[in-house]
Amino acid sequence: MAVILNIETSTNVCSAALTAEGMVLCHREDFSGQNHAALLSGFIKACLDRANELEMKLDAVAVSMGPGSYTGLRIGLSEAKGLAFALDVPLIGVDTLELLAVTAMFEHDIDPEALLVPMIDARRMEVFTGVFNMALERVRPEGPVILDADSFSDVIQAGNKLVIMGNGSDKAVGVLPMPAVTQIPDIVPLAQNMLALAERDFINRKFIDLAYSVPNYLKEFQATMPKKMI
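Residues numbered from 1 in each chain as written. Predicted model: local features only at pLDDT ≥ 70, side-chain atom pairs only at ≥ 80, totals over all residues. Heavy atoms only, no water.

J.: Teacher, can you tell me more about the overall build of the protein here?
T.: On a plain count of helices and strands, the protein comes out with five helices and ten strands. Over its C-alpha atoms the protein spans a radius of gyration of 18 Å, differing by no more than 12% from the 17 Å that the globule rule assigns to 230 residues. Taken along the three principal axes of its C-alpha coordinates, the protein extends 55 × 55 × 30 Å. The 230 residues of the protein split such that 50% are buried. Looking at the protein alone, contacts between residues at least 24 apart form 65% of all its contacts between residues at least 6 apart. Carbon and sulfur atoms make up 54% of the accessible area of the protein, which amounts to about 11600 Å² in all. A distance of 8 Å separates the average location of the 18 positive side-chain charges in the protein from that of its 29 negative side-chain charges. (Helix = DSSP H or I, 4+ residues; strand = E, 2+ residues; numbered from the N terminus. Rg over C-alpha atoms; globule rule 2.2 N^0.38 Å. Buried < 20%, exposed > 50% of the residue type's maximum accessible area, 1.4 Å probe, protein only. Contact = heavy atoms within 4.5 Å. Areas by Shrake-Rupley, 256 points an atom, 1.4 Å probe, with all protein chains shown as cover. Lys, Arg positive; Asp, Glu negative; His and termini not counted. Charge placed at Lys NZ, Arg CZ, Asp CG, Glu CD.)

As structure tokens, then:
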């Protein structure tokens, strides 16, 4: 199995992990907020130091590509590109929604007939989301969705049960029709949980371009004017 450095910065959680042979060899996480720029380099160094201790050579770098925080995604991808270029190893891009779905599958006993609906907060009542079956096949394309009672009526009316997770799922509770929708709380995207997806893409030689790859924002960034100082 490949030795992979995994980087995840799509939400307010910043993390990095060294994985190989289906195992997590080193991981670092910070849940305190938007400290990615200050902490990520140190997390990466800790993982690389562990690889050196184990006399392991890095085979690839994997990075969470979003959707999620514009700033966080840019920081993560920039660090990943620089490291992959410097070490002359391929770069793997992991879909953050797929990562949330995999994390829920690994950590909870879910009805195999249910559909997985990861949600990342996009402010107000909007979320970045998609719909996956248990084989991680996309049942509905990813995109921004403004939550209301009919947001997933097409898949619910087809008789499907939905399992929602991610930091955008809290606002869906009480809006989407229960009991057709069940929430798994406290699922966050972490670098150590990228292991299976990153190894899958490494085996399939599914790499992204070092020069031209960009985060999967799902919608254009809209800057806001700062309030006037009085």
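Having seen it, we continue.
J.: Would you take a moment to explain the sheet that holds strand β4 (residues 60-64) for this structure?
T.: Strands in a sheet are paired, the pairing made by backbone hydrogen bonds, and the direction either parallel or antiparallel. Reading across the sheet, the five strands line up as β3-β2-β1-β4-β5 and stay open at both edges, with mixed pairing between neighbours. A strand with exactly one partner marks an edge of an open sheet, and here the two such strands are β3 (23-30) and β5 (91-94). Within the sheet, the average angular offset between the axes of one strand and its neighbour, ignoring direction, is 15°. Pairing of β4 with β5 involves four bridges; the strand directions are parallel. Residue pairing for β5: Val-63 is matched across the bridge by Gly-93. (Pairing = 2+ DSSP bridges. Axes fitted to C-alpha atoms, helices over the stretch in contact; angles between N-to-C directions.)

That's the geometry; what it means functionally is another story.
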